[in-house]
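The primary structure of each chain is shown beneath.
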Amino acid sequence: MPSDRVTVSLDDDTRETLQRLHDQSDESRSELIRQAIAFYAANFDSATASDSDHLQTYYEMLSTGEHVLLDIDLLHALLGRIDDPETRDDEFLDTIDQVANYHAQEYADRFDSLGDVLEWLSLCGFLTVRRAEAGSYHVVFPSEQLRWFMVRFIRGSVADLPFEIEIEESVSKVLLTEREEEAPRDE
């Protein structure tokens with residue numbers, strides 16, 4: 001099989017990385033470069049698409065220690081413990097509200113619209129959002145448990161933003177609509 005030769009200039013970091021891979025794998029440098037090119041080609045869309053921005057965001061979220069990855073089944077198990085509205089612990093509800101209030105302050109400096117907030121929460125994996133019309137969004141949650149939990153959180157976390165939200169709940173979906181904040185009336 002004929003082969004093409006390619007000359008590649010390596011900077012110090014790349015040369016050291018290639019050497020470490022060679023030492024770990026016992027593969028030739030040529031084979032490692034072929035594998036790297038094949039891997040990059042197989043993942044080209046992910047590496048170059050706008051979703052790669054999401055990877056950077058995930059990295060930033062996780063590296064600060066402020067967020068964690070959580071298996072969805074584990075989240076559902078935790079929420080299942082407080083599923084019944086009749087037996088929900090007031091202290092737990094107060095904690096949700098406290099977290100939402102903290103985020104309201106953060107979101108006031110960070111977001112300008114309901115769409116921005118929902119996109120962020122979608123990135124976090126709590127929901128899937130689809131724009132319905134200007135200012136309205138269909139939001140789908142993975143479960144009813146997550147729906148009540150996140151609707152409560154969203155209500156509190158957008159409190160400091162320059163709009164009000166209207167919420168129409170269905171079984172698994174919610175229609176959220178951004179409304180201009182009403183100006184205070186002179187009495």
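Going by the structure above, here's the rest.
Here is what the cut-offs are and how they apply
- Residues numbered from 1 in each chain as written.
- Predicted model: local features only at pLDDT ≥ 70, side-chain atom pairs only at ≥ 80, totals over all residues.
- Heavy atoms only, no water.
- Phe/Tyr/Trp six-rings, centres within 6.5 Å; stacked < 30°, edge-to-face > 60°.
- Buried < 20%, exposed > 50% of the residue type's maximum accessible area, 1.4 Å probe, protein only.
- Lys NZ or Arg CZ within 6 Å of the ring centre and 35° of its normal.
- Helix = DSSP H or I, 4+ residues; strand = E, 2+ residues; numbered from the N terminus.
- Expected span 1.5 Å × (residues − 1).
- Contact = heavy atoms within 4.5 Å.
- Polar contact = N/O pair within 3.5 Å; in protein donor to acceptor, adjacent residues only side chain to side chain.
- Pairing = 2+ DSSP bridges.
- Axes fitted to C-alpha atoms, helices over the stretch in contact; angles between N-to-C directions.
- Parallel < 35°, antiparallel > 145°, perpendicular 65-115°, else oblique.
- Nonpolar A, V, L, I, M, F, W, Y, C, P; charged D, E, K, R; others polar.

Colleague: Sorry, what's going on with the packing of aromatic side chains here?
Modeller: Two aromatic rings, taken as a pair, are described by how far apart their centres are and by the angle between their planes. Within this structure, the stated rule accounts for three aromatic pairs. Consider the rings of F111 and W120, whose centres lie 6.5 Å apart with planes at 45 degrees: the pair is tilted. For the pair F111 and W120, one class covers both residues: buried. Taking NZ or CZ as reference, R110 lies 4.0 Å from the ring centre of W120, over its face.

Colleague: I tried to follow helix α6 (residues 90-110) on my own but got confused; where do I start?
Modeller: Under the 1.5 Å per step criterion, the end-to-end length of α6 is 30 Å for 21 residues, consistent within 8% with the ideal 30 Å. Turning to α6, its buried residues are L93, I96, A100, H103, A104 and Y107. Next to the buried residues of α6 lie α7 (114-123) and α8 (144-157). Sitting at the head of α6, D89 places a side-chain oxygen 2.9 Å from the backbone nitrogen of E91.

Colleague: Would you explain the pairing of strand β4 (residues 173-180) in this entry?
Modeller: Looking down a regular strand, the side chains alternate between one sheet face and the other. Pairing analysis gives five bridges linking strand β2 (residues 136-140) to β4, with the strands arranged antiparallel. The partner of H138 across the bridge, within β4, is L175.

Colleague: Where do I start with the packing of helix α1 (residues 12-25) against helix α2 (residues 29-42) in this structure?
Modeller: What describes two packed helices is the angle between their axes and the distance between those same axes. Axis separation between α1 and α2 bottoms out at 10 Å; the angle between their running directions is 105 degrees. Looking at the two axes, α1 sits roughly perpendicular to α2. Between α1 and α2, the residues in contact are L18, L21, H22 and S25 and R29, L32 and I33, respectively. Of the residues belonging to the contact of α1 with α2, the class tally is four nonpolar, two polar and one charged.

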